[in-house]
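In case you want the letters, here they are:
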Amino acid sequence: MSIALEDVTIAYGKHVAVDRASFVLPTGAVGLLGRNGAGKTSILRALLGLVQPSSGHMQILDLPPNTDPREVRRRVGYMPERDGFIPGLNGFETVALAAQLSGLPRSQAFRRAHEVLWLIGLEEARYRAVAGYSTGMRQKVKLGTALVHDPDLLFLDEPTNGLDPRGRVEMLDLVARMAGELGKSVVLSSHILQDVERVCSHIVLMERGKVLAAGTVRELTANARRAFDLSVDGGDPVRLVAALRQRGVEQATPDARGNVRLEVVEGFSTARVFAAVQDSGGVVRRLVEHRRSLEDVFLGAVRDEEAGR
Amino acid sequence: MAIFDRGYRDLIYQPTRVFARIWPIARHELAAMFRIRFGSIVFLACLLPTIGQLIFLLMRAGIWEAAPSGRAGGRMSFGDRMDPSTASFYLWPITTMSFVPFLVLTTLVSVRAIAKDRAAGALEIYWTRAISPWSYFLGKWYGSFLLLACAFFAAPLVLWITSVLLAPDWSQFETTIGFMPGLLLGLAWMCAMLSLLAVGVSALASTPNLAAILWLFLIMGSMFLSEILRRLLRETWMLAINPWFAGKRVVDQLAGITPFNDYSAWTALAWISTLAVVVLLLARRRLRVLEAVAT
């Protein structure tokens, strides 16, 4: 376990950014997923000791961040969301300075900066001013500054912001490599489902400061009940739904195009579906098992949250 | 694993002490002036008064003999300014001639130090490292102090060493050693306080241009105000309202010079210290971590 939050509330004046969040994050690649303003960045900043929670307890790398924030920051690499750079410095100087500020001696910092710039693919541009870099290169420099002091844990806040499709793929490959090959624990904060799904094995879903769900991707996308997508030619849709319910289908939801989403219990035989369609006077055109995507999970959790409020 | 395989090397190191983390910030601040050719030219231009004095010293080297006794005290006269055995010779290029160079150096570097980082969104990068906002401020101030000290402390020191080496015997050294430590201490103090004020003002502003305007307003505005109040109230100590004049008065006192507009050096010291405390208190508020990250 690298991070644990218990009933953490973070407020900026009257605005509550995070509301009693509790979760435990394992080592490996973890995604903080939520829309803009969900409270992801606030949690990262609180874990770095930059923002004081108004209540609750936190632990990061077995340290309470409020007690010794500088020690925490020494062991954590943070790639901020905001597009910031140190004016007047080139790529190499930026990364080397970040290393020295994190506590590396000068010679180590310089050597390490060259290595990291090579690793992230900026070796050719390292002596150019960062102010003249493209957005993708600046994102890479930010990743380099987060990585240069060999942290145990990496916080990446919206690392694919402003990147073109190719740059996005490159960045995600790098992040995946950090978590896999290099054995770093990575917390990836993003509002892009595909990014998180591609890199992370464990996900925390957040919305309006609340944690909606947390678990592995497999756990979150696993259906409690089996579901099927059914397409039918002909027949009476009303009779079809009635026949399906009669034959043990828990829920049958037709859409505007005549397709029906079926939810059934484990052990349900699809032969009953064919029989029900025959009873309604139609013909089965397509019957496939439906697997929930992360998007379904997220939208479902948001719907549940809004219904519960 | 070799780096050319795009590998990754685990790092084992003992974290450095706080000063080792502050020094890189100071070094970059000091180097900011010399990153472009224009900055180096401006810096050399700022040294012109001292360079002029050095040339004068070299020209006199062949014919000049040091006076038997140094005249540290007394009012600064034109004769003293040209006499290497007096404190005025070393101070005149700085406290009298270098107001504009001071304004140029502080406006181009010191007062932009923190404001440019704030405008570029760099504060979050600094403060998510293993340093505190005060360490960051200290680094910026130290770099700025070193820059001013190069122009206004090291230059007269070089001038003095040259005068001692050019003299035919030790008499120049014996004549000047009485006031030189006080003079150098005063100049170092002046550089430290003025750079502290400039970096403090820089911490208050959100953009470098705003910081420069604030700084020029503080220095030039207080200069006009002090002159007007001095004439209206006929009180010479009103000059201390201007940080440059106040600093100059303290340096004169430490060097043993009685200035033309004489007033208590304690007044100048108290005023510049109060100003520094006020600026630091305001800067402290603006440098809170939350202010930089929670926008």
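Criteria and cut-off values
- Residues numbered from 1 in each chain as written.
- Chains lettered and ligands numbered in written order.
- Predicted model: local features only at pLDDT ≥ 70, side-chain atom pairs only at ≥ 80, totals over all residues.
- Pairing = 2+ DSSP bridges.
- Helix = DSSP H or I, 4+ residues; strand = E, 2+ residues; numbered from the N terminus.
- Axes fitted to C-alpha atoms, helices over the stretch in contact; angles between N-to-C directions.
- Contact = placed C-beta atoms within 7 Å.
- Buried ≥ 20, exposed ≤ 12 C-beta atoms within 10 Å, placed from the backbone.
- Arc of directions from axis to C-beta.
- Expected span 1.5 Å × (residues − 1).
- Core = buried A, V, L, I, M, F, W, Y, C linked by C-beta atoms within 7 Å.
- Parallel < 35°, antiparallel > 145°, perpendicular 65-115°, else oblique.
- Left-handed = near helix turned anticlockwise from the far one by under 90°.

Chemist: Help me understand the sheet that holds strand E11 (residues 251-254) of chain A in this model?
Modeler: Either a parallel or an antiparallel arrangement is found when strands of a sheet pair, and the pairing is made through backbone hydrogen bonds. All names here are of chain A. Read across the sheet, four strands follow the order E11-E12-E10-E13 without closing on themselves; strand pairing throughout is antiparallel. The strands lining the two open edges of the sheet, one partner per strand, are E11 and strand E13 (283-289). Here the strands of the sheet are splayed against their neighbours by 20 degrees on average, with no regard to which way each runs. Packing against the sheet, helix H9 (residues 237-246) makes contact with strand E10 (226-233), E11 and strand E12 (260-264), and its axis sits at approximately 165 degrees to E11. Set on the sheet, helix H10 (residues 271-279) makes contact with E10, E12 and E13; between it and E13 the angle comes to about 150 degrees.

Chemist: I would appreciate a short explanation of the sheet that holds strand E6 (residues 153-157) of chain A in the present structure.
Modeler: All names here are of chain A. The strand order across the open sheet formed by six strands is E5-E6-E7-E3-E8-E9, and the pairing between neighbours is mixed. Pairing within the sheet leaves two strands with one partner each, and these edge strands are strand E5 (76-79) and strand E9 (210-216). Neighbouring strand axes in the sheet, compared pairwise and without regard to direction, differ in orientation by 15 degrees on average. Note: E5 against E6, four bridges, orientation parallel. Paired with Tyr-78 across the strands is Phe-155, a residue of E6. Packing against the sheet, helix H5 (residues 135-147) makes contact with E5 and E6, and its axis sits at approximately 165 degrees to E5. Set on the sheet, helix H6 (residues 165-179) makes contact with strand E3 (29-34), E6 and strand E7 (185-190); between it and E7 the angle comes to about 145 degrees.

Chemist: Sorry if this is basic, but what is going on with H10(A) here?
Modeler: All names here are of chain A. Of the residues making up H10, those classed as buried are Val-273, Ala-276 and Val-277. Angularly, the buried residues of H10 cover 100 degrees about the axis, an arc narrow enough to put them on a single face. Looking at the buried residues of H10, the elements they touch are E10, H9, E12 and E13. Phi turns positive, to about 90 degrees, at Gly-281, one or two residues after H10.

Chemist: Is there a simple way to think about the environment of Leu159(B) in this case?
Modeler: Residue position: Leu159(B) is located in helix H10 (residues 154-166). The spatial distance from the C-alpha of Leu159(B) to the C-alpha of Leu54(B) is 6.1 Å, given a sequence separation of 105 residues.

Chemist: What should I look at first to understand helix H14 (residues 243-255) of chain B in this one?
Modeler: Every α-helix winds through 3.6 residues per turn, so residues three or four apart in the chain are directed the same way. Residue and element names in this part refer to chain B. Taking 1.5 Å per residue as the helical rise, H14 with its 13 residues ought to reach 18 Å, and the 18 Å between its terminal C-alpha atoms agrees with that figure. Counting buried residues in H14 gives 12 out of 13 residues, a clear majority hidden from the surface. All buried positions along H14 are accounted for by Pro-243, Trp-244, Phe-245, Ala-246, Gly-247, Lys-248, Arg-249, Val-250, Val-251, Asp-252, Leu-254 and Ala-255. The inward-facing, buried residues of H14 abut helix H5 (87-96), helix H6 (99-108), helix H12 (180-204), helix H13 (208-233) and helix H15 (265-286).

Chemist: Sorry if this is basic, but what is going on with the nonpolar core here?
Modeler: Counting residues in each nonpolar core, the largest one holds 152 residues, and the members touching the most others are Val95(A) and Val175(A). For this core, the leading source of residues is H12(B), giving 13 residues. Here Val95(A) is in contact with Ala113(A), Val116(A), Leu117(A), Val141(A), Gly144(A), Thr145(A) and Val148(A), once residues within four sequence places are set aside. Leu240(A), Ala252(A), Val260(A) and Val277(A) belong to the second largest nonpolar core, which has 13 residues in total.

Chemist: Could you clarify how one ought to interpret the packing of helix H9 (residues 133-152) of chain B against H12(B) in this entry?
Modeler: When two helices pack together, their arrangement is given by the angle between the helix axes and by the axis-to-axis distance. Residues and elements named next belong to chain B. Look at H9 against H12: their axes get within 8 Å of each other, and the N-to-C directions meet at 135 degrees. The angle between the axes of H9 and H12 places the two elements in the oblique class. In this structure, H9 crosses over H12, and the sense of that crossing is right-handed. Facing Phe-137, Lys-140, Trp-141, Ser-144, Phe-145, Leu-148, Ala-149 and Phe-152 of H9, the residues of H12 in contact are Leu-187, Ala-188, Cys-191, Ala-192, Leu-194, Ser-195, Leu-196, Ala-198, Val-199 and Ala-203.

The quantities given are spatial measurements derived from coordinates; they are silent on function.
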